[in-house]
Amino acid sequence: MSNKILEVKNLVTGYQGKDGFVKAVDGVSFDLEKGETICIVGESGSGKSVTSMSIMRLVEFENGKILDGQILFCGEELSKKSNEEMRQIRGSKISMIFQEPLTALNPVFTIGKQITEAILFHRSTGKKEAWQRAEELVRLVGISDPKQRLKQYPHELSGGMRQRVMIAIALASEPDLLIADEPTTALDVTIEAQILELLRSLREERGMSIMLITHDIGVAAEMAKRIIIMYAGKVMEVAETKDLFDQPLHPYSKGLLESVPRMAGERGVPLKSIIGSIPRLNEVPPGCRFSPRCPFATKKCNQQEPALETRGTRQVACWHVDELIEKDLLAINTEGGVPIES
Amino acid sequence: MNPNQPSKEPLLKIENLKKHFTVKSGGYFNKKKKVIKAVDDVSFTIYKGETLGLVGESGCGKSTLGRNILRLQEPSGGKVYFNDRNILTYKNRELRKLRKQMQIIYQDPFSSLNPRFTIGQVIGEMYDIHGFAKGAEKENRVKEMLELVGLDPSRNTSFPHEFSGGQRQRVGIARALALNPEFIVADEPVSALDVSVQSQVLNLLMKLKKDLGLTMLFIAHGLNVVRHISDRVGVMYLGKIVELSETDNIFDSPAHPYTAALLSTVPEVDPRLKKERIILKGEVPSPASPPSGCTFRTRCPLAKERCKAEVPGLTEVRTNHFVSCHYPLEDGQTLKEVIVSRGSVNS
């Protein structure tokens, strides 16, 4: 096998609605190499979380279903596995941490109980060893005074501490892949920096692969080697971080990058923005999904959906890439935003 | 001591504003009362026509401060002068009049609009309460307001759920501006919005501020957003303003170690701009039992013995640059340099 730890091919995930399935993820493909950090960036409703929930096969528990496509983890097909088989993989080979660490932890059990539960489930060790291991894990994720902390309940810890506990639980069985779904969104900047630093060191020291899901392009830029940009259930662009910021190939990527106020940009001037708003999943426009908001859209864009095409090391789904590059219309230019009137 | 500037005309003067909450703790036989100082002796001035940004981590008291200035919560002490009169002494009728001049935009456009009201009613209610306009005139005004914030005026009979997050936030802005106020508190107005929509709302706020000559207190935790929109910026930590100056001063040469550390950890969009990250240890202490002396000292990489004993006051270290720190950074110094040269107690 190659050194690809995860390959997602043409994944389609839908949720049961009134008139059939609403596709939250519609034909998503990407892969992740061992020891790599990849970032899925998208706004709300882009399908980034549903993608990760599909890989973990958790969508089934919330009325969703994988309708098509393959999820290969170390060459094994996950979408065909039985629930029992998936239980063995979840938490042991693939772990996940969630956005809101308060709701992800059980309020009536101590931290120690919850970490050792994860250890005992996946390993045949005694209780005593499990507690020792829990202590090690808690220390590893940077919590001081582990013995004391293990006796505490989730409500006694701060948001940052809880997220560290979540990471400790996720690491309990030394997974090969860690999926982090907006791990720092609910946290303050200084705590966010601590958690990101922890994730970075875990990757470097343990060679863990990380799939990070975020809406914050800044976080993606700091963490990932490669970035996947999603919009309304589709992948719009895949590129190495450096390349993406040098020159985005998709008008949506460009729009996204331009609309964030830069720390070094000129102050007070109108910001660039993308007109309109994200479509609801049951009202996805025909043709290219971004076309109603795209400044370069043509008739073709409104009628036919472009496929994700490979261009060297990158991939992009846009009909007019060549033309836009040639005319140099994709370069990032944060100046000259127009305050919108309608 | 007071960050006043004679050249500019103040609109609001906040003096020693305090908001304390008492919480009960301890068991049945051992009842204790603790005082949480959410806003602790804060003084500053907001000048006419400026946007003052207020940043800080959650729980630092920035929202509480905003609400207390508007008297949406009653302050525990201090004075708020609005056009040279202390509004904390106002009662019923006077207070209601004051509401016309000061309004607020909330963070969450989903919970701040009544789901059973059409947006025409949401905005029209403002005119009803203050007896500004009735009937057809009211409807016209509502439509004008919708147009002003870039919404289709014919949608005044739609309900909030029919709008997207960004559009709802515009309704919130229209409601706040309906009575033509002088002063607006914008409490995290774009935090709940997606990036591509966030810039639309920011542009709208900047445009309205210019066109209507508004004065704005802009509360947010996103430093890039605050930097973009504000003329001056105040940094809060545990109920106190620790640094206050013009935006460029704060972002180019911060004097407080907290500000410097905060700035160094902002995830930068452009990966080519590599920075030296200073990651603060630990977390914001509980406001129920803040550290002695300087409240930041437990996390400060530069803290010394003196910081334990003495509470630093807000002092003007450079022109119009106020900071409350015993050992502020000098102009152009980076925190990293100072850590290396000074050494410290904590690390």
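A quick note: this is a predicted structure, and the numbers were derived from the prediction, not measured. Along each chain, residue indices are assigned from 1 in the same order as the chain's sequence is written. As a convention, the first chain written is A and the first ligand written is 1, with the rest following in written order. Given that the model is predicted, a residue must reach a pLDDT of at least 70 before its local features are reported, and side-chain atom pairs must reach 80 or more before they are shown or counted; all residues, however, enter totals for whole chains, interfaces and linings.

Trainee: Please give an account of the overall build of chain B that cites residues and values.
Mentor: Within chain B, the secondary structure is distributed over eleven helices and twelve strands. Over its C-alpha trace chain B gives a radius of gyration of 22 Å, about what one expects of a compact globule, namely 20 Å for 347 residues. Here the C-alpha coordinates of chain B stretch approximately 70 × 60 × 45 Å along the principal axes. Counting other C-beta atoms within 10 Å of a residue's C-beta gives its exposure: the residue is buried at 20 or more, exposed at 12 or fewer, and partly exposed in between, where C-beta atoms are placed from the backbone. In chain B, buried positions account for 48% of the 347 residues. Relative to all contacts within chain B whose residues are 6 or more apart in sequence, the contacts with residues 24 or more apart total 66%. Put simply, DSSP H or I for four residues or longer makes a helix, DSSP E for two residues or longer makes a strand, and each gets a number counted from the N terminus. Using C-alpha atoms as the atom set, the radius of gyration is obtained and then compared with a globule rule of 2.2 Å times the number of residues to the power 0.38. Throughout, a pair of residues is in contact if the C-beta atoms placed from their backbones lie within 7 Å.

Trainee: Would you mind going over the overall build of chain A in detail, with residue names and values included?
Mentor: Within chain A one finds 13 helices and twelve strands. Relative to the 2.2 N^0.38 estimate, which gives 20 Å for 342 residues, the radius of gyration of chain A is 21 Å and therefore close to what a compact globule would have. Projected onto the principal axes, the alpha-carbon positions of chain A cover approximately 65 × 50 × 40 Å. Counting across all 342 residues of chain A, residues that qualify as buried make up 47%. The long-range fraction of contacts in chain A, counting pairs at least 24 apart against all pairs at least 6 apart in sequence, stands at 65%.

Trainee: Let's hear about the pairing of strand 10 (residues 234-240) of chain A: which residues, and what values?
Mentor: All names here are of chain A. Summarising burial for strand 10: six of the seven residues are buried, a large majority. Note that strand 9 (residues 226-231) and strand 10 share six bridges and pair antiparallel. When the bridges of strand 10 are listed, Tyr231 appears paired with Lys234. Two strands make a pair as long as DSSP finds a minimum of two bridges between them. The hairpin turn running from strand 9 into strand 10, its antiparallel successor, is two residues long, and Ala232 in that turn takes a positive phi close to 50°. Bridge analysis of strand 10 against strand 12 (residues 314-316) gives two bridges, and the strand direction is antiparallel. Across the sheet, the residue bridging to Glu237 is Val316, located in strand 12.

Trainee: Which residues make up the packing of helix 11 (residues 251-259) of chain A against helix 6 (residues 195-212) of chain B, and what values go with them?
Mentor: Fitted lines through C-alpha atoms give the axes, limited to the stretch in contact for helices. The angle between two N-to-C directions lies from 0 to 180 degrees. Axis separation between helix 11 of chain A and helix 6 of chain B bottoms out at 8 Å; the angle between their running directions is 45°. Judged by the angle between their axes, helix 11 of chain A and helix 6 of chain B are oblique. In terms of crossing hand, the pair formed by helix 11 of chain A and helix 6 of chain B is left-handed. For the pair formed by helix 11 of chain A and helix 6 of chain B, the contact residues are Gly255(A), Leu256(A) and Ser259(A) on the first element and Val195(B), Ser196(B) and Ser199(B) on the second. When an angle is under 35 degrees it counts as roughly parallel; over 145 it counts as roughly antiparallel; between 65 and 115 it counts as roughly perpendicular; any other value is oblique. Should the near helix be turned anticlockwise from the far one by less than a right angle, the crossing is termed left-handed; should it be turned clockwise, right-handed.

Trainee: Help me get a handle on the sheet that holds strand 11 (residues 315-318) of chain B, residues and values and all.
Mentor: Adjacent strands of a sheet form backbone hydrogen bonds with each other and so pair up, either parallel or antiparallel. All names here are of chain B. The mixed open sheet is built from eight strands, whose spatial order is 6-7-8-3-9-10-12-11. The sheet terminates laterally at strand 6 (102-105) and strand 11, the two strands that pair on one side only. The average angle at which neighbouring strand axes cross in this sheet is 20°, direction not considered. One ladder, built from six bridges, connects strand 9 (residues 232-237) with strand 10 (residues 240-246); its direction is antiparallel. Residue Gly234 lies in a different strand from strand 10, and its bridge partner there is Leu244.

Trainee: So what's going on with the domain arrangement of chain A? Which residues, and what values?
Mentor: All names here are of chain A. As annotated, the domain borders come from an automatic or database domain assignment. Domain annotation for chain A reports domain 1 (4-224) and domain 2 (230-326). Each partner contributes to the interface: domain 1 provides 21 residues, whereas domain 2 provides 16 residues. Elements supplying a minimum of two residues to the side of domain 1 that touches domain 2: strand 2 (20-33) and helix 9 (217-223). Considering every element that reaches the side of domain 1 that touches domain 2, the biggest residue donor is strand 2, with nine residues. The classification used treats Ala, Val, Leu, Ile, Met, Phe, Trp, Tyr, Cys and Pro as nonpolar, Asp, Glu, Lys and Arg as charged, and all other residues, Gly among them, as polar. Its residues assigned to classes, the side of domain 1 that touches domain 2 shows nine nonpolar, eight polar and four charged.

Trainee: Residue-level account of the sheet that holds strand 3 (residues 37-41) of chain A, with values.
Mentor: Residues and elements named next belong to chain A. Reading across from one edge, 6-7-8-3-9-10-12-11 is the order of the eight strands in this open sheet, with mixed pairing throughout. Whereas interior strands pair on both sides, the edge strands pair on one side only; in this sheet they are strand 6 (94-97) and strand 11 (309-311). Each strand of the sheet is rotated relative to its neighbour by a mean of 20°, with strand direction disregarded. Pairing analysis gives three bridges linking strand 11 to strand 12, with the strands arranged antiparallel. Its bridge partner being in strand 12, Thr310 is matched across the sheet by Gln315. Sheet strands touched by helix 7 (residues 159-171): strand 6 and strand 7 (177-181). Its angle to strand 6, the strand with the most contacts, is close to 170°.

Trainee: Describe the interface of chain B and chain A, listing the residues and the values that go with them.
Mentor: Each partner contributes to the interface: chain B provides 36 residues, whereas chain A provides 44 residues. Sorting the residues of the side of chain B that touches chain A by element identifies helix 6, helix 7 (223-229) and helix 9 (257-264) of chain B as the ones contributing at least two each. Across the side of chain B that touches chain A, the residue classes tally to 15 nonpolar, 13 polar and eight charged.

Trainee: Residue-level account of helix 9 of chain B, with values.
Mentor: Most of helix 9 of chain B is tucked away, with eight of its eight residues classed as buried. When helix 9 of chain B is considered as a whole, its buried residues turn out to be Pro257(B), Tyr258(B), Thr259(B), Ala260(B), Ala261(B), Leu262(B), Leu263(B) and Ser264(B).

Trainee: How would you summarise the pairing of strand 6 of chain A if you had to cite specific residues and measurements?
Mentor: Residues and elements named next belong to chain A. On strand 6, burial covers both faces: Ile94 and Met96 on one face and Ser95 and Ile97 on the other are all buried. Looking at chain direction, strand 6 and strand 7 are connected through four bridges and run parallel. Bridging across to strand 7, Met96 finds its partner in Ile179.

Trainee: Could you give an account of the UniProt feature "domain: ABC transporter" (unreviewed entry) in chain B, with specific residues and numbers?
Mentor: UniProt positions are given in the numbering used here, feature names are shortened, and annotations may be inferred rather than shown by experiment. Taking the UniProt record as the reference, the feature "domain: ABC transporter" (unreviewed entry) is found at residues 12-263 of chain B. The distance from the first to the last C-alpha atom of residues 12-263 of chain B is 28 Å, and the span holds 38% helix and 28% strand.

Trainee: Give me the confidence of the model for chain B: which residues, what numbers.
Mentor: Residue and element names in this part refer to chain B. With 95% of its residues at a pLDDT of 70 or more, chain B has an overall mean of 88. Confidence of the predictor at the level of single residues is captured by pLDDT, which takes values from 0 to 100. Note that pLDDT drops below 50 for residues 1-7; the model gives that stretch eleven contacts with residues more than four away or on any other chain. For this predicted complex, the interface confidence comes out at an ipTM of 0.82, alongside a pTM of 0.86.

Trainee: Explain the UniProt feature "domain: ABC transporter" (unreviewed entry) in chain A to me, using residue names and the numbers behind them.
Mentor: Within the UniProt annotation, "domain: ABC transporter" (unreviewed entry) is assigned to residues 6-257 of chain A. For the annotated span residues 6-257 of chain A, helix accounts for 40% and strand for 28% of the residues, and the straight-line distance between the end C-alpha atoms is 27 Å.

Trainee: So what's going on with helix 11 of chain A? Residues and values would help.
Mentor: Burial analysis of helix 11 of chain A places nine of its nine residues in the buried class, the great majority of the element. Contacts made by the buried residues of helix 11 of chain A are with helix 9, strand 9, strand 10 and helix 10 (241-246) of chain A together with helix 6 of chain B.

Trainee: Lay out the environment of Gly135(B) with the relevant residues and their values.
Mentor: Positionally, Gly135(B) belongs in helix 4 (residues 135-148). The sequence separation of Gly135(B) and Gly124(B) amounts to eleven residues, and the corresponding C-alpha distance is 9.7 Å.

Trainee: With reference to specific residues and values, describe unusual backbone geometry.
Mentor: A positive phi is found at Asn10(A), a non-glycine position, where the angle reads about 50°. With 12 C-beta atoms counted inside 10 Å, the residue Asn10(A) sits in the exposed group. Although it is not a glycine, Asn16(B) adopts a positive phi angle of roughly 45°. Examined against the element boundaries, Asn16(B) turns out to sit in strand 1 (residues 10-25).

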